[in-house]
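# Working through the structure, step by step
One-letter residues, chain by chain:
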Amino acid sequence: MRRIIPWLITLIGCFAVTAALAAVKYQQISAAIAFGESFPEPYEVVDAMAVAEVDYVATRRLTGTVRAPEFLEIAPSIGGRIVSIPHSAGSVVDSGDTIVELFSEDLFAQKAALIADRELTSTQLKRSRRLQSESLISQNDVDVQEARLKALSAQIDALSAQISQLTITAPFTGRLGIFTQVTGDMLPQGTVFSTLTGLSAERWIDFEVPQGLVDLSVGNTVNVYDINSTFRGQASVIAVSPALNPRSRTFTVRAITDQITLRHGELVQVEVATRDPQRVLSLPNRSIRWDTEGTYVYLLEDAEPGAQKPFRARPARVTLIGESSSDSYFTADFAEGTLVATAGSFKLSDGVLAKLSGS
């Protein structure tokens, strides 16, 4: 018994010290909590706007190539030396005007030789006919010379046709492109000298449509954008290819416009509607947030009475339908007119207080 009493006194002393230390720590923690609660609740400043309901048409942009209905690459079918260029680069030439005139020594020499040979054959034929009338030569000799005369005439006509191709004339009124050749230069066969573009404001826009994307028909309207996505105007479909390209599984569509200034060969973006209009909600792109589960926005709901700021943020899931350069289109469980955070929404979290900038 005497041995137990000291141990009991020791245990009681330990419990007393532990209780005293716990009481001191409790007072310290309570004081810290009270000190922390004395600070105001944090909040964020954001911009916001009410959700709008709009008619949205899903679109797809395709690459198109501009073509002038009257366009020609000027290239000689027979090479030669340039002897005349009547018009300067960039000038307007009328239909039938000479664009470039060539000279070929070989062709003119061949023609001169054939003409001389034909004249000799013609003289021989006259003499042979006189001799044949006197029965001094056979009819066969006369027939041979007549055939040779016809062959020479045909060769001269062929050379004349080739020589006529040395003068290139404008098949329509248009504007001459840039060229670098000057008088005296050789222009080989098939070498492009310049281009000729008609003066009409009409332009064709050819573009490829993937199979199954959209069914276009003559009379449909498409929007035209330049390569910088700047809207240029509209064009009307005038032709749709009846067959698919077996390699790309696309079909060609041609649209026409005379209201847009475009160059032949220019690349443009053609916007086509891929779905019927549907009623959706719209917000600026910066309102949409992303996480591993998809897209969402922050709704700004009225805070409870006594809160230091007027709104609390609450995340709400949305289903993104499409986007433009400035706005996003989506469906959601909330209605038109709901207040949603826009600029600064990345600072928000679930339940945080918020106020509007400028308020």
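The structure under discussion appears in the preceding block.
Treat the numbers as computed from the prediction; the structure is a model and nothing was measured.

The next subject is the overall build of the chain. Looking only at helices and strands, the chain features three helices and 24 strands. For 359 residues, the compact-globule estimate of 2.2 N^0.38 gives 21 Å, and the C-alpha radius of gyration of the chain, at 45 Å, exceeds that figure by more than 25%. Dimensions of the chain along its principal axes, counting C-alpha atoms only, are 175 × 55 × 40 Å. Put simply, the chain has 359 residues, and 30% of those count as buried. Taking as baseline every contact in the chain between residues at least 6 positions apart, the subset at least 24 positions apart corresponds to 73%. As displayed, the chain offers around 21800 Å² of accessible surface, 54% of which is attributable to carbon and sulfur atoms. Of the side-chain charges in the chain, 32 are positive and 40 negative, and the distance between the mean point of each set is 6 Å.

What follows covers the pairing of strand 16 (residues 250-257). Pairing geometry for strand 13 (residues 203-210) and strand 16, over eight bridges, is antiparallel. Residue Phe 207 lies in a different strand from strand 16, and its bridge partner there is Val 253. Bridging between strand 15 (residues 231-240) and strand 16 involves four bridges; their strand directions are antiparallel. By the bridge assignment for strand 16, Val 237 is matched with Ala 255.

This brings us to a nonpolar patch on the surface. Residues Ile 4, Leu 8, Leu 11, Ile 12 and Phe 15 make up a contiguous nonpolar surface patch of roughly 540 Å² in combined accessible area. With respect to the helices, strands and loops of the structure, Phe 15 is situated in helix 1 (residues 4-37).

On to helix 3 (residues 139-164), then. Here helix 3 spans 38 Å end to end across 26 residues, near enough to the 38 Å set by a 1.5 Å rise per residue. Along helix 3, the residues classified as buried are Val 142, Gln 145, Leu 152, Ile 156, Leu 159 and Ile 163.

On to the sheet that holds strand 12 (residues 194-198). Pairing is antiparallel across the open sheet formed by four strands, whose spatial order is 5-12-10-7. Two strands in the sheet have a free side with no partner beyond their single neighbour: strand 5 (71-74) and strand 7 (92-93). The pairing of strand 10 (residues 174-176) with strand 12 spans three bridges and is classified as antiparallel. The partner of Arg 175 across the bridge, within strand 12, is Thr 197.

It is worth spelling out the packing of aromatic side chains at this point. If you walk through the whole model with that rule in mind, you get five aromatic pairs. Geometrically, the ring pair formed by Tyr 56 and Tyr 329 is stacked, given 4.6 Å between the ring centres and 25 degrees between the ring planes. Residue Tyr 56 is located in strand 3 (residues 52-56), and its partner Tyr 329 is located in strand 22 (residues 327-332); the two are separated by 273 residues in the primary sequence. Considering the side-chain rings of Phe 330 and Phe 334, the 6.2 Å spacing of their centres and the 55 degrees angle between planes classify their relative orientation as tilted. The exposure classification of Phe 330 matches that of Phe 334, with both residues buried. Lying over the aromatic face of Tyr 225, Arg 61 brings its terminal NZ or CZ to 3.7 Å of the ring centre.

Moving on, we come to the nonpolar core. In this structure, Ile 205, Phe 207, Val 209, Val 222 and Val 272 are the most contacted members of the largest nonpolar core, which totals 20 residues. Sorting the residues of this core by element identifies strand 4 (59-67), strand 13, strand 14 (221-225), strand 15, strand 16 and strand 17 (267-273) as the ones contributing at least two each. Residues contacting Val 209, with those up to four places away along its chain left out, are Leu 62, Val 214, Leu 216, Arg 249, Thr 250, Phe 251 and Val 253. By size, the runner-up hydrophobic cluster in this structure holds 18 residues, among which are Ile 99, Leu 166, Ala 170 and Leu 187.

Glancing now at the sheet that holds strand 4. Taken in spatial order, the six strands of this closed barrel run 4-13-16-15-14-17, and their pairing is antiparallel. Strand-to-strand twist of the sheet, defined as the mean angle between neighbouring strand axes without regard to direction, takes the value 40 degrees.

With that settled, the discussion passes to unusual backbone geometry. We note that Ser 229 has phi near 65 degrees; this positive angle belongs to a residue other than glycine. The backbone phi angle of Arg 249 is positive, close to 55 degrees, even though this residue is not glycine. Looking at the secondary structure, you find Arg 249 in the loop between strand 15 and strand 16. A relative accessible area of 46% places Arg 249 in the partly exposed class.

Enumeration according to the criterion identifies 12 salt bridges in this entry. With a shortest N-O distance of 3.0 Å, Arg 312 and Glu 41 are connected by a salt bridge. Of this pair, Arg 312 sits in strand 21 (residues 311-323) while Glu 41 sits in the loop between helix 1 and strand 1 (43-46), placing them 271 residues apart in sequence. Under the relative-accessibility criterion, Arg 312 is labelled buried at 17%. Among the ionic pairs, Arg 312 bridges to Glu 304, the shortest N-O distance being 2.8 Å. By relative accessible area, which is 38% here, Glu 304 ends up partly exposed. Beyond isolated ion pairs, a larger network of salt bridges with shared partners links Glu 41, Glu 304 and Arg 312.

Analysis parameters
Residues numbered from 1 in each chain as written. Predicted model: local features only at pLDDT ≥ 70, side-chain atom pairs only at ≥ 80, totals over all residues. Heavy atoms only, no water. Helix = DSSP H or I, 4+ residues; strand = E, 2+ residues; numbered from the N terminus. Rg over C-alpha atoms; globule rule 2.2 N^0.38 Å. Buried < 20%, exposed > 50% of the residue type's maximum accessible area, 1.4 Å probe, protein only. Contact = heavy atoms within 4.5 Å. Areas by Shrake-Rupley, 256 points an atom, 1.4 Å probe, with all protein chains shown as cover. Lys, Arg positive; Asp, Glu negative; His and termini not counted. Charge placed at Lys NZ, Arg CZ, Asp CG, Glu CD. Pairing = 2+ DSSP bridges. Patch = residues over 30% accessible without salt bridge, like charges linked within 9 Å, V, L, I, M, F, W, Y side chains within 5 Å. Salt bridge = Lys/Arg side-chain N within 4 Å of Asp/Glu carboxyl O. Expected span 1.5 Å × (residues − 1). Phe/Tyr/Trp six-rings, centres within 6.5 Å; stacked < 30°, edge-to-face > 60°. Lys NZ or Arg CZ within 6 Å of the ring centre and 35° of its normal. Core = buried A, V, L, I, M, F, W, Y, C linked by side-chain atoms within 4.5 Å. Axes fitted to C-alpha atoms, helices over the stretch in contact; angles between N-to-C directions.

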